[in-house]
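# Fold and contact review
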Amino acid sequence: MKMAANKTVQNTCLLLLVILFVSSGLLYSFFTPLWSPPDEERHFAYCEYIAQNHKLPSLIPDDEGVRITEVTHPPLYYLIGSLFCREDGSIIHEKVILNDGPGIRNIMHPDDEARFPYSGKAKSAHLIRVFSIVLGAINVGFIFLFALKIFPGEVLLAFAVAVFVAANAQFLHISASVSNEIMSSTLCTILLYNLFGYLKGPVAYKHNVVTGILLGCALLTKISTIIYVPVTLGVLVWSFVRKGKNPLGSIGVLLFSALCVCGWWYVRNWIMYGDPTFSKALVEVLPFTTRNQPVTLDTLIREYTAFYTSFFGYFGAFQVPIPGVHLTIYGIIIFLGIAGLVKLFISKELTSLQNQLFITLMAAILIAGGLFVLLNIKAYAFMGKYLFIVIAPLAILICVGFRSVFPLQVRNYVLGLLIMVFVGLNAHIFFKVLKPGYIEPRLIKGADQQEVCCWTDQITPHNSIGQTFTAKKNNLCALRVMFYNHEKSTKKGTVTFYLKEANQTGRDLYQIDLEINNIHATRFFFIFPPCADSAEKQYEFGFRSTLTPGKGISLWYEKEDCYPEGHMLANGKAEPGDLYFTAYYFTGSKPLTEWEGVTQTVKRQGEYVGVRELQLYVEMPKKMRERSLTHKKMIRAYQ
C-alpha cells in the first residue's frame, strides 16, 4: 500500500514538472520574438534547406552564393525540424529584416507572419520551437527519474533536482527556440540514465544496443557530445572488470550500434571534405569567431562572467542579463552544493553504488569542462548553453550537495525552500527581465549622420569632444555614437556623456557615466528621460573622460560637413566635420522601459558590423547580399 502511494506521489510530481516546464516554455516562446535567441535564424535555415532540397546542405556555397553556416552541426535535429517547414520556394533570408536601431532584436520577422496566429515561416519556426519544448520536458522528466534511481523514495530531492533545470531561465530560453542544444542535452540525460543500469547490474545484452543507439543519436545531434564516449566506455569497462568479466563483446555491440546510427555522417564528411568532425570547416565558415588575440586576465574575467551569466540567463545575443542578485543566489547555492559534496565523501554517507555514479557524473562534468576550455582557447565560444550537455550531472550534484550541508531533520524543509527559490527566481526573471526586455521600443529616428572616415583626438580631462544638432520633434530621449577604443584591455576610468541646450551656459540637462573598461564594443545608446519640448531646439552633446592622454578613447567622425544643421566640437569650439551619431525620439505617452527613457542609462549595441549580422550576411544569396544594409556598412568601413 505504501509503495503504491509513493508511486502515485512520484507520478503526480512528474506530471507537475512536465506541466510546469511546458507552460513556462510556451510563455517564453510567445514573448520571445523570432530570431532573438542565439543563432535561431541559422538553425531554422538548416531545417528549411533540408525541407526544400531533400538533402543535406553542402559546405560549399551553391550557385546563388547561399551558404548554410550551421552545416557544421550533425543533422538529426534538423532532419526532424525539416518536417515542420513548408516547401514554398523562398528562403528565410528573403523574409528577415536587419534592425540597426534601438532594442535588442538584431534580426526581425515581418509582423504579418509573426503575429499570433502565426503564418508562413513564422508558423514553421514556432512549430519547431514547440518540438524543442517537448524535448526539454522529456529532459526534465528523465532528470527527475534519474535522481529517484540514485536516491529511491526521495521524491522531494528528485523534484528539487528537476526544478533546478526546469526553472533555469536560460534553459527555458533555449528550449523555446529553434536550436539543437536541447535535443543533445536530452539525449545525454537519457544516456546517463541508461548507464546507471551497468553500475547497478546485471544488464541484458540488448542494453548494449540501446546504449549504443542513444550514444549514436547524441553524436548525430551535436559533436560536443563526444565527451560521453569515454564516459560510456569507462562505465561499461568498470562494471564488467569489477565482476571479473570480459567487456570486449559488449563494447563491440555498443560501438557498432552507435556507428550504425551516426557513423555515416562522419564518414560522409571525411570522404567529401577530408574533415569528419568539421573542425577545420568551422574556421572557414565562421572566421570571425576564431580567437585572434592572446587571452589576458581581463579577457578571462570578462568571458567567465559572460559564461556564468549565460548559463542561468543572458537573453538575446548577450544583450539582456538577469539581475546580479539572482546570480549571487545561484552562486551561494553552488558553493554550498560543492561544500556538501565534500562533506558527503568525507563522511562516507553515500552507498558504494551512489559513489560510483557520482564519480561518473563528475567525470562527465570534468571532460565537458576540459573540452569547453580547449574550444575557448581557439575560438570565442563562452556561452553557458554549451554545458547543457552536462546539466543533469550539475543539477544532481549541486542539489544533493546543498541538501547534505543541513542537519537531517531540516533537510526536507530546506529542499522545499530551494524549490520555491528556483520557481520564484524564474517567475521574477520572466516578468521583470525577459518580457519587458523584448518590448519593442517606441522610438523613431531623427538626425542621422552615418558617414565616417576616421576617429577624433582622444577624450581626456583637457579635451572634450561633442556635436551640436537640431531636434525636429518633441521627446528627444536617446543618442547613439560610435567609439574607437585604443588598447582595449589596459584602461580604467570613466567617460561622461553630457547633453545640454546649445549656446547655453547653464548646467547639463543630463550626465551619464560609462566605465571605460566596459567599452569593448563600438556603438552605444545614451538614453535619458524624454525632453518634452525639444522640437526645433538646438542641442549639444559630448563626452569628457578621466583618462590621461595616450590611454585611448575616441569617437568616429566624418571630416567632411555631412550634417549642415550642426557641427563637431572640441573643447566647445567648432571643428570641421561631424560625429557619427543618431538621435531618437520617444513616441508614447509614458516611458515603460529603459530603452524608452524610464531612467537614464547606457545600452551597448555592439560592433559597427556585429557577428550576428555577419553570420546572416554570409548566408544570403549573392544578389541579396549586395543589396543589403550590411554590404553598405562593410563598404563604408572598408573605405
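Check the entry above for the structure.
Notes on the structure in this doc start here.

Quick notes on the rules
- Residues numbered from 1 in each chain as written.
- Predicted model: local features only at pLDDT ≥ 70, side-chain atom pairs only at ≥ 80, totals over all residues.
- Heavy atoms only, no water.
- Helix = DSSP H or I, 4+ residues; strand = E, 2+ residues; numbered from the N terminus.
- Buried < 20%, exposed > 50% of the residue type's maximum accessible area, 1.4 Å probe, protein only.
- Patch = residues over 30% accessible without salt bridge, like charges linked within 9 Å, V, L, I, M, F, W, Y side chains within 5 Å.
- Areas by Shrake-Rupley, 256 points an atom, 1.4 Å probe, with all protein chains shown as cover.
- Salt bridge = Lys/Arg side-chain N within 4 Å of Asp/Glu carboxyl O.
- Lys, Arg positive; Asp, Glu negative; His and termini not counted.
- Charge placed at Lys NZ, Arg CZ, Asp CG, Glu CD.
- Pairing = 2+ DSSP bridges.
- Axes fitted to C-alpha atoms, helices over the stretch in contact; angles between N-to-C directions.
- Expected span 1.5 Å × (residues − 1).
- Core = buried A, V, L, I, M, F, W, Y, C linked by side-chain atoms within 4.5 Å.
- Contact = heavy atoms within 4.5 Å.
- Parallel < 35°, antiparallel > 145°, perpendicular 65-115°, else oblique.
- Left-handed = near helix turned anticlockwise from the far one by under 90°.
- Nonpolar A, V, L, I, M, F, W, Y, C, P; charged D, E, K, R; others polar.
- Polar contact = N/O pair within 3.5 Å; in protein donor to acceptor, adjacent residues only side chain to side chain.

Look at the link from Phe116 to Pro117: it is a cis peptide, with omega at -5°. Along the polypeptide, Pro117 turns up in the loop between helix H4 (111-114) and helix H5 (120-150). Although it is not a glycine, Asp39 sits at a positive phi angle of roughly 60°. Position of Asp39 relative to the elements: it lies in the loop between helix H1 (2-31) and helix H2 (40-53). A relative accessible area of 15% means that Asp39 is categorised as buried.

Our focus in this paragraph is a negative patch on the surface. On the surface, Asp62, Asp63, Glu64 and Glu94 cluster together into a negatively charged patch. Locating Glu64 in the fold gives a position in the loop between H2 and helix H3 (76-81).

We now examine the pattern of salt bridges. With the rule as written, the count across this model stands at 26 salt bridges. The salt bridge partner of Glu41 is Arg612, with a shortest N-O separation of 2.8 Å. Taken together, the residues span a long stretch of sequence, with Glu41 in helix H2 and Arg612 in helix H19 (residues 611-619) at a distance of 571 residues. Overall, the relative accessible area of 2% leaves Glu41 in the buried class. The closest approach of N and O atoms between Glu48 and Lys121, which form a salt bridge, is 2.4 Å. In this pair, Glu48 is assigned in helix H2 and Lys121 in helix H5, connecting sequence segments 73 residues apart. Through salt bridges with shared partners, one network takes in Asp100, Arg523, Glu613 and Lys633.

Moving on: the sheet that holds strand S11 (residues 538-545). Here we have 6 strands laid out as an open sheet, ordered S9-S8-S11-S6-S13-S14, and antiparallel in their pairing. Either end of the sheet is taken by a strand with one partner, and the two such strands are strand S9 (510-515) and strand S14 (573-575). Geometrically, the sheet is characterised by an average inter-axis angle of 25° between neighbouring strands, direction not taken into account. Pairing of strand S13 (residues 568-570) with S14 involves 3 bridges; the strand directions are antiparallel. Looking at the pairing, Met568 lines up with Glu575 of S14.

Another aspect to go through is H5. Compared with an ideal rise of 1.5 Å per residue, which puts 31 residues at 45 Å, H5 spans 46 Å between its outermost C-alpha atoms and is within 8% of the ideal. Within H5, 23 of the 31 residues are buried, leaving the element largely enclosed by the surrounding structure.

On to the nonpolar core. Ranked by size, the top nonpolar core spans 155 residues in total, and within it Tyr28, Phe144, Tyr228, Phe315, Phe358, Val390 and Phe422 carry the most contacts. Looking at which element gives the most residues to this core, the answer is H5, with 14 residues. If near-sequence neighbours (up to four positions away) are discounted, Tyr28 is found in contact with Ala169, Leu172, His173, Ala176, Phe315, Asn426, Ile429, Phe430 and Leu434.

The interhelical angle for the contact between helix H17 (residues 391-404) and helix H18 (residues 411-437), taken along N-to-C directions, is 135°, at an axis separation of 9 Å. It follows that H17 is oblique to H18 by the angle criterion. For the pair H17 and H18, the crossing hand works out as right-handed. Contacts from Cys399, Phe402, Arg403 and Ser404 of H17 reach H18 at Arg411, Val414, Leu415, Leu418 and Phe422. Here the residues of the contact of H17 with H18 are counted per class, giving 6 nonpolar, 1 polar and 2 charged.

On to the side chain of His207. Within the secondary structure, His207 sits in helix H9 (residues 206-219). Of the polar contacts made by the side chain of His207, one reaches the backbone oxygen of Asn194; its length is 2.8 Å. Ignoring anything within four residues of it in the chain, the contact list for His207 reads Asn194, Gly197 and Tyr198.

Turning our attention to the side chain of Glu48. Given a relative accessible area of 3%, Glu48 falls into the buried group. With residues near it in sequence (within four places) discarded, Glu48 still touches Cys85, Ser90, Ile91, Ile92 and Lys121.

This part takes up the environment of Asp513. Of note, Asp513 is situated in strand S9. You can call Asp513 exposed: its relative accessible area is 51%. Spatially, the C-alpha atom of Asp513 lies 10.0 Å from that of Gln600, the residues being 87 residues apart in sequence. Excluding its chain neighbours within four sequence positions, the residues that come into contact with Asp513 are Thr494, Val495, Thr496 and Val602. Looking at Asp513, its side chain comes within polar contact range of the side chain of Thr496, at 2.7 Å.

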